[in-house]
Amino acid sequence: MPDMDPKPPLHGVRVLEVSETPSAAYGGRLLTGLGADVIWIEPPAGSPLRRSGGFPHDHPQRDSGALTLHLQRGKRSLTLDLNTRAGRRLWRRLQPDIVLCDLSPAKWGAWGLEPDTLLAADPSLIVTSITPYGATGPLQDWQATELTAYAAGGYLRITGEPDREPIKAWGTQAQLQAGIHAALGASAAVRTRARDGKGQHVDVSLAEAVSFLLGGTLQSAYFFDREPERNGTRLVGFGAGHAYPSTVRPCGDGFVHAHCNNRFPETLAVLFDEPRLAEPALLRTMFGHADEIDTLMAPRLERTDRATIVREAQALRIPFTEVLRPSEVLDDEAGHHASREFLVRGEHPIAGAMTYPGAPIRLGAASWQDGVAPLLNADAALWDEAARTRVRWRRAHVA
Amino acid sequence: MSPEGSKTVTGRPPLASVAPPGGERPLAGIRVIDLTVAVAGPVATQLLAGLGADVIRVETPWGRPRVPTMVAPQLDSAADEAWNRYPLFNELHLGKRSVALNLVEPMGRSTLLDLVRVSDVLVENFSPRVMGNFDLEWEQLQAHNPGLLFVSMPAFGKHGPHRDRVSYGPGIDAMSGLSWLTGYHDGAPLKPGNFYCDQNAGLHAAFAVVSALRERERTGRGQTVELAMLEGELQLVGDALVDYQLNGHEPTRLGNGHSSMAPHDVFPARGGDAWIAISCRDDADWAALLAVMAQDDDARSASIDGDRRYATALRRWKHRAELRESLGAWTSTQNPEALAARLQQRGVPASNVHGARDLLRDPQFLARAVAPAVEHPQVGPTPAPRPAFRLSGTPSPPPGAAPLFAADNDYVFRSLLGYDQERIDTLLEAGVTSYELLERPR
């Protein structure tokens, strides 16, 4: 009788995550969330990811960097020295279905652990590599940081003020995006393997994860042979006919994101009690009147607090929202996150009790798998389990 | 496109081509009903189409804008069927089919339910009340197909105090904290990109669908899949939320800066709006950068090398503002593409700040066919962006072009649902479907 109890979709899939950066770490977090058993393989001194802050009281500590605390929840940790021959043999005992790796191709190659070599040794393995420019092409050996990948992928150029240097979005966005592509590609490979038993190489490019974000502007650039221009807080655009506002504006007690109702842009005149916002010439080419619209909105915005203007706009179905600080996201004044049980508490042995963002994906029949980040080598007992296992664990558990 | 082509716009670069498909793709045999709007939902279903699913886009009979602006090509005949020529639409609906169906009409709803019976996945990203207004909630759909995956991508979630708020992507960027965090170190909050949280939500949703199909194959049962765009984006600032709790102060805006690396910045280059991004991770990168500089200007390199402010990594970081000026004076004389290549030859992470047009001509981009050509029946070859992964053992051909409006009515009504002409005529007469774009009813 087959087991018909609902399970998380990736139940029974074992992943070895060899991560030094947020990219494979976030890919691993998504796989963890949907039920995979993700083991973080670290060098004896700990993954470099552990050295990424912030840290408690800004004092670096191995087990409580913010990226690690957030991204490594629900995983297990094992140290393994891949610089040694024994280390490079030993990991196979863990019988992974997926190896997820964001190490540089040079390091991978020096160890003799290139995707092709791994696949030759075990054709059923799914090897997911995240490299700066992908594993093929003339730039496959080029290096990147978050910043230079953002530049290479074409997204940096459209972010920032038009009269200043372009800037990247806060944080490690390029790497997190690459992590999602890696999780998607790996999950697709799990699916094809269920049909034919064959693994494969899922070759993820960090720069391409950035260029994917351009989706919706490439064809315009191609046909009009014009560069989409960065516009500060306004939408990147090509012409005066675009809707406006879509921008961040200061108000009485902070900043608000102002957006017009695309179908009924004249409602803005009601919100601001300003008939000039409904003049036909302005409504025809709103983006062309952006400065004027900002000026007309300013007096009321300056004397109104965020909550009031957002409430009144939303009552008119005009999509205004608050520009929130991280602390305000956590405060959750409206109780929205609380009512959805989105923010979750986790008790970490070093960092203590903390609130984290919970499930990005909610399934009707299974819960998202959370937890706290593991201490270094917290799961060394896995080696004993691996030594005891004589049957091909993967064959038995993975459809 | 050949430069001789009758409708060619000057400067349009040749696009990559990809070998034809062979073998079975990950989502072969999976049928997806696409009820999505705006950007996030279309990104999700486009990714599914790219993995081989048969995606059927259900469009309202008046559902595409008919204004003949912003269409491609922008030449004389651009006004013909303008609704089939929107670059934004055509880029977000690659490889899908199109059927026209008015879900407000009872016959439209029952036709959709017929389609649900022969499909595997339904994706929608309306405001949460809309599917209820159509009387097409999970309870109704499940009765017609217990194996269905019912995927919803609301802005804020299907319940909660903000459930009925209206917002586009940038308004969600604002509520996630990412807009507040993004900006110049001396500036105000900025937008983190263009449709940033839409692309993010679409990717998360596609991952959820591909994974959830595995569970369905085990049990035969479908389920709901909910992805609130705000909750998808909050994953991307999780370290800021943790940092705040560890330290009690808000993380600061860093612009292009880094918490420990310097130089780590975007520098001016030769040309209009030309820039180069350079990161030195350690002393070796810094020494390599000075060596490259010495090739052009030995005196400048020696002077910077001897400057005590830049003697150690920590000092370079403390004096990063002056460093920016010192290096900028050099980079502004340089072609950014050539300088990036010289730095990379010595292992220094550097890149020209590419624009979308540069990417279409980029050798790496072309070699990996990141946006190969697909032939659109009305606008000709168009670049078709693909996700950032290649599967070595599974064919991943470029998706087909975006569908012309209602191009697959007959495929859906006749081949999939087995309707006869009389029944199709009834739908046409009632205005439930159409082969041509209709005027929006008053």
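Residues numbered from 1 in each chain as written. Chains lettered and ligands numbered in written order. Predicted model: local features only at pLDDT ≥ 70, side-chain atom pairs only at ≥ 80, totals over all residues.

Just to check I follow, could you spell out the overall build of chain A for this structure?
Within chain A one finds 17 helices and 12 strands. In terms of overall dimensions, chain A has C-alpha extents of about 80 × 50 × 45 Å along its principal axes. When contacts within chain A are restricted to residue pairs at least 6 apart in sequence, those whose partners lie at least 24 apart make up 68%. (Helix = DSSP H or I, 4+ residues; strand = E, 2+ residues; numbered from the N terminus. Contact = placed C-beta atoms within 7 Å.)

Quick question: what am I supposed to make of the packing of helix α1 (residues 40–50) of chain B against helix α8 (residues 196–219) of chain B here?
Axes are the key here: two packed helices are described by the angle between their axes and the distance separating the axes. Residues and elements named next belong to chain B. Running from N to C, α1 and α8 point in directions that differ by 40 degrees, and their axes come no closer than 7 Å. As summarised for this structure, α1 and α8 are arranged oblique, according to the angle between their axes. The handedness of the crossing between α1 and α8 is right-handed. Residue-level contacts link A40, V43, A44, L47 and L48 of α1 to D198, Q199, A201, G202, L203, A205, A206 and V209 of α8. Residue composition of the contact of α1 with α8, grouped by class: 10 nonpolar, 2 polar and 1 charged. (Axes fitted to C-alpha atoms, helices over the stretch in contact; angles between N-to-C directions. Parallel < 35°, antiparallel > 145°, perpendicular 65-115°, else oblique. Left-handed = near helix turned anticlockwise from the far one by under 90°. Nonpolar A, V, L, I, M, F, W, Y, C, P; charged D, E, K, R; others polar.)

Please explain the interface of chain A and chain B as it appears in this structure.
Many descriptions give the size of an interface as the accessible area lost when the pieces come together. On the chain B side, the residues contacting the 129 residues of chain A number 129 residues. Partitioning the side of chain A that touches chain B into residue classes produces 68 nonpolar, 43 polar and 18 charged. Inspection of the sheet shows strand β6 (residues 200–205) of chain A paired to strand β12 (residues 389–391) of chain B by 3 bridges, in the antiparallel sense. Bridge assignment links A:D203 to a residue of β12(B), and that residue is B:R390. (Pairing = 2+ DSSP bridges.)

So what exactly am I meant to see when it comes to the domain arrangement of chain B here?
Examined at the domain level, chain B breaks down into domain 1 (31–237 + 370–429) and domain 2 (264–361). Distance between the C-alpha centres of domain 1 of chain B and domain 2 of chain B: 42 Å. (Domains from an automatic or database assignment.)

In this structure, what is going on with the environment of A:R195? I would like to understand it.
The topology assignment puts A:R195 in helix α7 (residues 173–196). Separated by 61 residues in sequence, A:R195 and A:G134 have C-alpha atoms that sit 27 Å apart.

What's the story with the sheet that holds strand β6 (residues 223–226) of chain B in this structure? I'm lost.
With respect to topology, 7 strands assemble into an open sheet ordered β12(A)-β6(B)-β5(B)-β4(B)-β1(B)-β2(B)-β3(B), the strand pairing being mixed. The sheet is open, and its two borders are formed by β12 (362–363) of chain A together with β3 (96–100) of chain B, each paired with just one other strand. Of the strand pairs in this sheet, strand β5 (residues 149–152) of chain B and β6(B) are connected by 4 bridges, and their pairing is parallel. Note that in β6(B) the partner of B:L149 across the bridge is B:Q223. Lying over the sheet, α8(B) contacts β12 of chain A together with β4 (121–124), β5 and β6 of chain B, oriented at roughly 160 degrees with respect to β5(B).

Would you mind going over the environment of B:A430 with me for this structure?
Residue and element names in this part refer to chain B. Residue placement: A430 occurs in the segment after α19 (421–429). When the 13 C-beta atoms within 10 Å are taken as the criterion, A430 is described as partly exposed. Spatially, the C-alpha atoms of A430 and A294 are 76 Å apart, while their sequence positions differ by 136 residues. Apart from residues lying up to four places away in sequence, A430 is in contact with E105 and M107. (Buried ≥ 20, exposed ≤ 12 C-beta atoms within 10 Å, placed from the backbone.)

Help me understand the confidence of the model for chain A in this model?
Overall, the prediction assigns chain A a mean pLDDT of 93, with 95% of residues at 70 or greater. Confidence drops under a pLDDT of 50 for residues 390–399 of chain A, and excluding neighbours within four residues, the segment shows 11 contacts in the predicted structure. (pLDDT = per-residue confidence, 0-100.)

Mind showing me how you'd approach helix α14 (residues 320–331) of chain B here?
It helps to recall that an α-helix has 3.6 residues per turn; residues three or four apart then point in one direction. Residues and elements named next belong to chain B. When the terminal C-alpha atoms of α14 are compared, their 15 Å separation across 12 residues agrees well with the 16 Å that a helix rising 1.5 Å per residue should span. Among the residues making up α14, those that are buried are L323, R324, L327 and T331. Each buried residue of α14 lies within a common arc of 105 degrees when the element is viewed along its axis, so the set occupies one face. Seen from the buried face of α14, the exposed residues on the opposite side, beyond 90 degrees, are A321 and E325. Contacts made by the buried residues of α14 are with β7 (264–268), β8 (275–279), α13 (313–318) and α15 (336–345). (Expected span 1.5 Å × (residues − 1). Arc of directions from axis to C-beta.)

What should I look at first to understand the nonpolar core in this one?
A general trend in soluble globular proteins is that nonpolar side chains are found buried together. All names here are of chain B. L48 and V209 are the most contacted members of the largest nonpolar core, which totals 228 residues. When residues of this core are assigned to their parent elements, the largest contribution, 12 residues, is made by α8. Residues within four places of L48 in sequence aside, it is in contact with L27, V32, A53, V55, A206 and V209. (Core = buried A, V, L, I, M, F, W, Y, C linked by C-beta atoms within 7 Å.)

I'm lost on the sheet that holds strand β9 (residues 350–352) of chain B in this one. Help?
For sheets, the rule is that strands pair by backbone hydrogen bonds, running either parallel or antiparallel. All names here are of chain B. Spatial strand order, β7-β8-β9: 3 strands in an open sheet with antiparallel pairing. Looking at the sheet topology across the chains shown, the edges are occupied by β7 and β9. The average undirected angle you get between the axes of adjacent strands in this sheet is 20 degrees. Each of β7 and β8 is contacted by α14, which is oriented at about 40 degrees to β7, the strand it contacts most. The sheet strands contacting α15 are β8 and β9, and the helix crosses β9 at an angle near 160 degrees.

I would appreciate a short explanation of the pairing of strand β3 (residues 76–79) of chain A in the present structure.
Successive residues of a regular strand alternate their side chains across the two faces of the sheet. Residue and element names in this part refer to chain A. Relative to β3, strand β2 (residues 37–42) runs parallel, the two being bridged by 4 bridges. Counterpart to E42 in the pairing with β3 is T79. Crossover handedness for the path β2 to helix α2 (residues 66–71) to β3: right-handed. (Right-handed = clockwise from strand over helix to strand, strands pointing away.)

Honestly, the domain arrangement of chain A in this entry has me stumped. Any pointers?
Looking at chain A, the domain boundaries give domain 1 (14–213 + 339–397) and domain 2 (246–328). A separation of 41 Å is found between the C-alpha centroids of domain 1 of chain A and domain 2 of chain A.

How should the pairing of β2(A) be read in this particular structure?
All names here are of chain A. Burial of β2 is extensive: 6 of the 6 residues sit out of reach of the surface. Here β2 shows a buried face lined by D37, I39 and I41 and a second buried face lined by V38, W40 and E42. Of the strand pairs in this sheet, strand β1 (residues 14–18) and β2 are connected by 4 bridges, and their pairing is parallel. Residue pairing in the sheet places E17 in a bridge with W40 of β2.

Just checking my understanding: could you explain the packing of helix α1 (residues 22–33) of chain A against α7(A) for this structure?
All names here are of chain A. Running from N to C, α1 and α7 cross one another at 45 degrees; their axes reach a closest spacing of 7 Å. Viewed along their axes, α1 and α7 adopt a mutual orientation that is oblique. Judged by the twist between their axes, the crossing of α1 over α7 is right-handed. On the side of α1, the interface is formed by P22, S23, A24, A25, Y26, G27, L30 and L31, while α7 contributes Q175, L176, A178, G179, I180, A182, A183 and A186. Broken down by class, the residue content of the contact of α1 with α7 amounts to 12 nonpolar, 4 polar and no charged.

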